[in-house]
Amino acid sequence: MVKLHLKYLPMNKRRFLLIVIFLLGFFVRVYHIEQVPPGLNRDEASIGYTAYSLLMSGKDEYGKSWPVSFKSFGDWKLPLYIYTTIPFVKLFGLTDIAVRLPSVLFGSFTIFIAYFLSRELFRGQGKNEFSLWMKKIPILSAFIFALSPWSIHLSRTGSEANFAVFFTSLGLLLHLRFNRNKWNILFGTFFLVLSLYIYHANHIFTLLLFLGLIVIYWRNYKRGLSFWVSIFIYIILSLFIYSQTLFTADKTKISGLFATSDLALVYANVTLNRLQHTKFPNTVASFFHNKLLYTAEYTIRNYIKSYSPEFLFINGGDNTQHNIPDFGNFYLWEAPFLLLGVAYLISQKNQHKNLLIYWLLIAPAAASITKDAPHTARMAVVMPLLEILIAYGFLSFIRIYVFNKKKYSYLSIFTLIILFIFNFAIWNDQYFIHFPQTRAATWGEGYTRLIAYLNQNGDFGASEVVMTRPEYSPYIYFLFYNKIDPIHFQDSVVRYAQTDEGFQHVAKFDNYYFRNIDWTDDLVIPNNLYIAWSDQVPGSATNSAVLVTSAVLQQLRNNNKDTSNLKIGDIVFTQKVGDIKLQNGDSMFTLIKTSKISTELN
Amino acid sequence: MKLSDKTYFSLFIIIILAALLRFMWLGKIPSSLYSDETDQGYNAYSIMLTGKDEHGVHLPVSLRSFGDWKPPLPSYLMIPFVRLLGLSEVSVRLPSAILGLFTIILIFYLTRVLLREQENRTKIALLSSYFLAISPWHILQSRAAMLVIVGLFFLTLGVYTFFKSIEKKTLIFISAFSFALSVYSYYGLRIVAPAILLALLIRCRKNVLYMKKEFILSAIFGLILLLPLLLSFKTQPDVVLGRARTVSIFYDQGVNLRKWELTTQDGISADTSVTRFFHNNFYMYSRSIIQRFLSHLDISYLLFVGDGYQPFQIPQMGILYIPDLLFILLGLLVLYKYKYRDRSLIVYWVFASIIPAAFTFVTPASNRTFNAVVPYMVLAAIGIVYAVAKIQKKVFAASFLTAFYIFSFGYFMHQYFIDLPTYHADWWNYGWKQVVEYVNSQGVKYKNIVVPEANGMPYVYFLFYQKYPPEIFQNNAIRPYMADRFGFENVEGFDKYLFPSEFDWNFIKRNNLQKNSLYIIPAYQAADDKNYLKAIYYPNGKIAFKIFAYE
């Protein structure tokens with residue numbers, strides 16, 4: 001047996017180490033935050049502008065004063081992240097960094113929570129060698145969490161899910177420390193319930209977690225005043241937010257998340273199967289193939305995918321905004337240790353075993369019942385548990401396998417450290433070099449460049465700027481980067497009717513129009529600027545010329561186009577005035593300007 | 001310890017059940033012979049009559065077949081059945097079914113040996129045997145002539161007799177014999193069998209030293225058996241590597257392409273050494289291999305999706321039952337918690353079966369990892385025996401588990417015996433038998449019969465169902481020996497049959513029809529044509545082939 005310095009580090013050194021880890025974690029979360037990810041996604045832009053709008057006018061985009069639930073694009077954003085962003089917008093102005101900083105900060109603070117939470121979870125009883133090893137879990141958990149790709153990426157993206165992780169883990173921590181101070185449970189509950197005000201997935205997870213805490217620790221809690229008050233607080237505050245969201249406006253939004261409201265999926269998985277039953281009556285077919293069974297089936301499939309190696313270690317989820325290419329949510333080298341950690345959790349004694357297993361089991365709940373699982377953001381509630389389990393598995397491994405076999409001990413540790421450093425280096429390269437290039441189109445970089453280009457050229461003097469694909473909400477980038485006066489916007493905006501999925505898109509504000517371009521008629525209207533995704537522009541659109549005749553005029557009038565600037569004999573020609581290129585060289589937007597020459601023709 | 005009558009009776013029942021699941025409707029389910037099965041059957045026929053395979057190679061150590069160099073043993077095993085029953089679906093599949101059944105008996109004895117220190121080993125052994133008997137994975141392979149089932153039998157026999165040779169030394173010869181034959185039955189076993197043999201040698205090194213003489217003699221015996229293969233390696237390396245080379249991830253260019261893409265993104269100014277550090281073959285291949293390894297442990301794959309390759313697929317089902325997986329995991333925990341004697345060997349067997357498959361593309365692959373079915377079933381048996389012993393409410397647990405298994409088993413029975421042959425007959429190259437029957441009755445009227453290469457290799461079905469004289473085919477087949485991009489070599493024709501590859505019916509019918517010919521066109525190429533002479537239907541009523549005549 002190798003004698004190691006297994007002394008528990010003295011308090012001041014531990015604190016110093018923790019601070020170093022925190023600074024390291026903060027640094028990787030904030031480094032180049034304005035360039036990577038490349039530009040804001042539309043939710044971040046919406047959060048930022050809504051905060052700005054509240055700051056300037058006290059109202060959201062829809063003119064509603066200090067709302068609890070923000071309609072935004074029709075996705076009904078929850079309030080807390082937006083309200084937290086207000087001071088940052090005040091400080092930094094309406095910039096990318098102001099939107100992302102709350103997530104960066106709270107993601108970094110979670111490093112502390114990972115430390116204290118794992119200390120609470122693995123509080124050893126005895127003073128044997130094993131407990132000394134277990135005492136290193138907290139600092140290792142904090143380290144693994146600080147450098148976890150999952151947490152770093154969400155922290156860097158203005159993610160509500162990441163913000164909620166801070167509150168759930170803090171609430172949980174205070175709950176576990178209920179016997180230190182009778183008010184801990186009250187504050188713990190308060191933080192837990194706050195997560196309901198941040199992220200939709202927590203409406204399921206936090207509820208399950210709170211119920212689980214009460215059931216698992218029913219015998220331990222001193223059921224005094226603070227206990228009942230905290231339950232009361234939970235009920236009141238959760239009912240309040242549910243009354244603002246669940247039971248009212250975002251019903252459509254919520255139903256849109258489920259596979260059973262997707263007609264195509266229902267047809268493929270239920271109706272088509274029923275049609276195969278030619279020999280049996282319809283009741284038999286409906287007994288075997290119905291929405292309920294289908295829901296159960298895909299929930300189980302999703303649930304299993306949430307813990308699949310593919311999701312955790314190889315490629316992450318399907319949503320291209322939540323993960324970077326060729327990288328999972330954890331480092332590859334962590335895979336065996338996570339497995340070991342779970343195996344040890346199940347087989348070894350631990351006073352909080354039930355809670356931890358329960359946490360593992362309920363974490364995929366919200367992601368499983370919705371359509372696009374496995375979902376990196378909806379599964380985020382499993383943090384920092386998995387990091388803690390990796391630390392647990394790692395230390396157990398070191399203790400049992402390495403230090404019992406003198407010969408290879410240092411070699412093994414050395415190999416692991418090399419592997420870790422190499423994997424971290426690869427992650428850095430992938431994250432800071434390749435991710436922005438490969439995924440630039442899914443982020444806001446194209447919009448940033450587009451708006452800068454327009455401002456630089458004064459919109460090319462166009463009377464109308466028409467942009468396609470209103471369903472991608474391009475308007476929000478104009479608001480954000482041009483810092484459009486919120487009051488002015490609220491007054492002048494025109495929106496489309498709500499879609500079946502509950503989305504409501506902006507049709508126009510000022511002289512910006514968001515609609516699909518009719519590539520024949522629209523090009524005959526002079527002095528307009530058309531902005532379209534480069535892949536949808538027909539070749540003839542970039543340099544055409546049309547002689548206006550009475551037939552042309554008639555056709556335009558029939559199609560309800562404004563022909564006030566046109567007269568017979570005009571020649572309207574189009575001209576490509578710009579290509580907005582992404583940093584990988586792909587062209588994202590094409591800008592087309594129409595102009596007019598008058599000729600005398602009768 | 002003598003086995004009780006009760007044990008023998010239980011084993012007997014399990015064997016009856018296994019036999020029913022493997023021999024019933026063997027010719028009809030799967031609904032038709034897959035092209036690989038047909039080819040092996042015809043090669044067996046050819047070797048039986050002429051001593052040569054379809055390529056005219058005398059007693060081949062590897063069947064060149066479609067250019068994929070099939071290991072030969074399964075075909076040789078078909079010869080007696082082809083002699084007795086004639087060339088038919090049943091005679092081709094019988095060796096698989098019989099060896100599959102034998103494996104179920106073997107796993108019983110093997111488990112007893114592996115767990116020789118456990119009191120309840122007979123119970124566990126019976127349950128492993130039972131689990132294997134009803135395993136979808138094993139049933140699927142037992143009912144098809146697809147190599148791996150033969151390999152698994154010899155591997156299991158080799159391991160069992162190796163352990164038994166500790167008591168009875170001469171058995172080591174049977175072990176050497178089995179390991180050598182397993183190498184002749186499946187490519188994967190050329191890695192897995194040595195890997196497991198090595199582990200056995202390390203595990204039993206003291207016993208081996210104790211019987212040096214027998215061991216050395218048996219090793220020589222085994223090497224002599226492998227000699228034909230090793231010798232022919234010198235003249236034709238494909239005999240040993242063959243298909244294994246074209247399916248390896250190093251043959252595929254995916255990783256290299258990705259590497260070039262990443263290197264380009266680094267930009268021109270990036271330092272070469274830095275670029276090479278971040279984008280090196282070692283990391284990228286390791287990642288790919290780990291990904292492929294882990295994909296075989298993915299629960300969705302094991303329980304719900306299964307192999308993506310069609311003949312190894314059970315519609316909407318994985319390769320294990322849902323409760324199986326729970327007990328396998330429990331078994332694993334029990335194995336380590338109670339420190340079972342040969343725990344490492346059991347786990348090693350799983351890894352040794354999966355790791356070679358991680359080096360191939362198109363993963364997860366259930367046939368390449370088929371050897372894992374034995375340790376999986378042993379683990380499941382350990383798990384369930386432990387669970388049943390632990391649970392207080394026996395009646396409740398028993399009825400719950402029974403219901404769960406009956407439901408899972410019923411679902412499998414429906415999916416495999418009803419759904420697969422009815423709705424997915426195309427997965428098994430359905431329709432050729434009917435085509436050949438039609439051609440046999442009507443083909444004399446035509447000078448040429450044109451069969452574009454689609455849905456498998458058509459030529460082999462004509463050989464098989466016409467019992468075409470092998471010596472004529474060996475000499476007259478038109479074979480350019482050009483491999484296509486998947487490494488397959490086509491037969492362009494024999495007799496009056498033509499098998500054009502890259503055949504576009506819509507082009508041919510307008511420009512280039514030959515006189516006095518019969519065209520057999522897969523339905524998807526001729527979706528809009530109405531004037532066909534005859535249609536061959538799938539069991540679900542869709543058209544598989546349309547037959548056109550041009551006078």
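Residues numbered from 1 in each chain as written. Chains lettered and ligands numbered in written order. Predicted model: local features only at pLDDT ≥ 70, side-chain atom pairs only at ≥ 80, totals over all residues. Heavy atoms only, no water.

Side note on the overall build of chain B
Thought 1: A count of helices and strands for chain B gives 24 helices and 6 strands.
Thought 2: The C-alpha extent of chain B, read off along each of the three principal axes, is 75 × 70 × 50 Å.
Thought 3: Residues counted as buried form 57% of the 551 residues belonging to chain B.
Thought 4: Counting contacts in chain B only where the partners sit at least 6 residues apart, residues at least 24 apart contribute 74% of the total.
Thought 5: Of the roughly 24400 Å² of accessible surface on chain B, a fraction of 64% belongs to carbon and sulfur atoms.
Thought 6: When the 53 basic and 35 acidic side-chain charges of chain B are each reduced to a single mean position, those positions are 10 Å apart. (Helix = DSSP H or I, 4+ residues; strand = E, 2+ residues; numbered from the N terminus. Buried < 20%, exposed > 50% of the residue type's maximum accessible area, 1.4 Å probe, protein only. Contact = heavy atoms within 4.5 Å. Areas by Shrake-Rupley, 256 points an atom, 1.4 Å probe, with all protein chains shown as cover. Lys, Arg positive; Asp, Glu negative; His and termini not counted. Charge placed at Lys NZ, Arg CZ, Asp CG, Glu CD.)

A few points about the pairing of strand 4 (residues 517-522) of chain B
All names here are of chain B.
Thought 1: Of all 6 residues that make up strand 4, 6 are buried, and the element is covered over most of its length.
Thought 2: Here strand 4 shows a buried face lined by S517, Y519 and I521 and a second buried face lined by L518, I520 and P522.
Thought 3: Bridging between strand 1 (residues 448-450) and strand 4 involves 3 bridges; their strand directions are parallel. Bridge assignment links I449 to a residue of strand 4, and that residue is L518. (Pairing = 2+ DSSP bridges.)

Quick word on the sheet that holds strand 6 (residues 543-550) of chain B
All names here are of chain B.
Thought 1: Strand order across the open sheet formed by 6 strands is 2-3-1-4-6-5, with mixed pairing between neighbours. Since the sheet does not close on itself, it has two edges, and those belong to strand 2 (493-494) and strand 5 (534-537), each with one partner.
Thought 2: Examined bridge by bridge, strand 4 and strand 6 share 6 bridges and lie antiparallel to one another. What sits directly across from I521, in strand 6, is K546.
Thought 3: Strands in contact with helix 21 (residues 432-442) are strand 1, strand 3 (497-498), strand 4, strand 5 and strand 6; relative to strand 4, the strand with the most contacts, it is inclined by about 170 degrees. (Axes fitted to C-alpha atoms, helices over the stretch in contact; angles between N-to-C directions.)

So, helix 17 (residues 335-347) of chain A
Thought 1: When the terminal C-alpha atoms of helix 17 of chain A are compared, their 19 Å separation across 13 residues agrees well with the 18 Å that a helix rising 1.5 Å per residue should span.
Thought 2: For helix 17 of chain A, every residue scored as buried is listed here: A:A335, A:F337, A:L338, A:G341, A:Y344 and A:L345. (Expected span 1.5 Å × (residues − 1).)

Focus: the pairing of strand 3 (residues 506-509) of chain A
Residue and element names in this part refer to chain A.
Thought 1: Examined bridge by bridge, strand 2 (residues 494-495) and strand 3 share 2 bridges and lie antiparallel to one another. Counterpart to R495 in the pairing with strand 3 is V506.
Thought 2: As defined by bridge partners, strand 3 adjoins strand 4 (residues 512-514) across 2 bridges and the pair is classed as antiparallel. Pairing of K508 across the sheet is with Y513, part of strand 4.
Thought 3: The antiparallel pairing of strand 3 with strand 4 creates a hairpin that spans 2 residues between the two strands, and D510 there sits at a positive phi of about 45 degrees.

Topic: the interface of chain B and chain A
Thought 1: Listed per partner, the contact involves 20 residues of chain B and 26 residues of chain A.
Thought 2: Approximately 2300 Å² of surface area, both sides summed, lies buried where chain B meets chain A, with 61% of it carried by carbon and sulfur atoms.
Thought 3: The largest per-residue losses of area from chain B upon contact with chain A belong to B:Q265, B:Y283 and B:R287, which jointly make up 26% of the total buried on that side.
Thought 4: With a shortest N-O distance of 2.6 Å, A:D326 and B:R258 are connected by a salt bridge. (Buried area = accessible area lost by both parts, 1.4 Å probe. Salt bridge = Lys/Arg side-chain N within 4 Å of Asp/Glu carboxyl O.)

Digging into the pattern of salt bridges
Opposite charge on two side chains permits pairing when their charged atoms draw close.
Residue and element names in this part refer to chain A.
Thought 1: Counted under the stated rule, the structure contains 30 salt bridges over all chains.
Thought 2: Here R449 ties to E445 by a salt bridge, and the two come within 3.6 Å at their closest N and O atoms. You can see R449 and its partner E445 sitting in helix 22 (residues 445-456), 4 residues apart, about one turn around the helix.
Thought 3: Here E445 falls in the buried class, since its relative accessible area comes to 9%.
Thought 4: Several salt bridges converge on common partners, so that one network encompasses E120, R123, R177 and R180.

Digging into the sheet that holds strand 8 (residues 587-598) of chain A
All names here are of chain A.
Thought 1: Spatially, 8 strands are ordered 2-3-4-1-5-8-7-6 in an open sheet, and the strand pairing comes out mixed. Each edge of the open sheet is held by one strand with a lone partner, namely strand 2 and strand 6 (545-547).
Thought 2: Here 5 bridges tie strand 5 (residues 528-533) to strand 8, and the two strands are oriented antiparallel to one another. Bridge pairing in strand 8 places W533 opposite F589.

Overview of the packing of aromatic side chains
Residue and element names in this part refer to chain A.
Thought 1: Under the defined criterion, the tally for this structure stands at 110 aromatic pairs over all chains.
Thought 2: Relative to F112, the ring of F22 has its centre 4.7 Å away and its plane inclined at 20 degrees; by these criteria the two rings are stacked. With F22 in helix 1 (residues 11-30) and F112 in helix 4 (residues 96-121), this residue pair connects regions lying 90 residues apart in the sequence.
Thought 3: Just above the ring of W218 sits the side chain of R223; from NZ or CZ to the centre is 4.2 Å. (Phe/Tyr/Trp six-rings, centres within 6.5 Å; stacked < 30°, edge-to-face > 60°. Lys NZ or Arg CZ within 6 Å of the ring centre and 35° of its normal.)

Observations concerning the confidence of the model for chain B
All names here are of chain B.
Thought 1: Confidence in the prediction of chain B, expressed as mean pLDDT, is 90, and 99% of residues score 70 or more.
Thought 2: Summarising per-element confidence for chain B, the mean pLDDT is lowest in helix 12 (residues 242-247) (74) and highest in helix 6 (residues 136-142) (96).
Thought 3: This complex was scored by the predictor with a pTM of 0.89 and an ipTM of 0.84. (pLDDT = per-residue confidence, 0-100.)

Here's the deal with the side chain of A:D75
Thought 1: Within the secondary structure, A:D75 is located in the loop between helix 2 (42-57) and helix 3 (79-92).
Thought 2: In this structure the side chain of A:D75 is engaged in a polar contact, spanning 3.3 Å, whose partner is the backbone nitrogen of A:F73. (Polar contact = N/O pair within 3.5 Å; in protein donor to acceptor, adjacent residues only side chain to side chain.)

Observations regarding the environment of A:S118
All names here are of chain A.
Thought 1: With respect to the secondary-structure elements, S118 resides in helix 4.
Thought 2: Given a relative accessible area of 0%, S118 falls into the buried group.
Thought 3: Of note is the side chain of S118, whose polar atom sits 2.7 Å from the backbone oxygen of A114.
Thought 4: There is a polar contact of 3.0 Å between the side chain of S118 and the backbone oxygen of Y115.

Quick word on the side chain of A:E160
Residues and elements named next belong to chain A.
Thought 1: Among the secondary structure elements, E160 is positioned in helix 8 (residues 160-176).
Thought 2: Here E160 is buried and forms no salt bridge, its nearest opposite-charge partner K77 lying at an N-O distance of 6.2 Å.
Thought 3: The residues touching E160, leaving out its near neighbours within four places in the chain, are I47, K77, L78, Y81, I198 and Y199.

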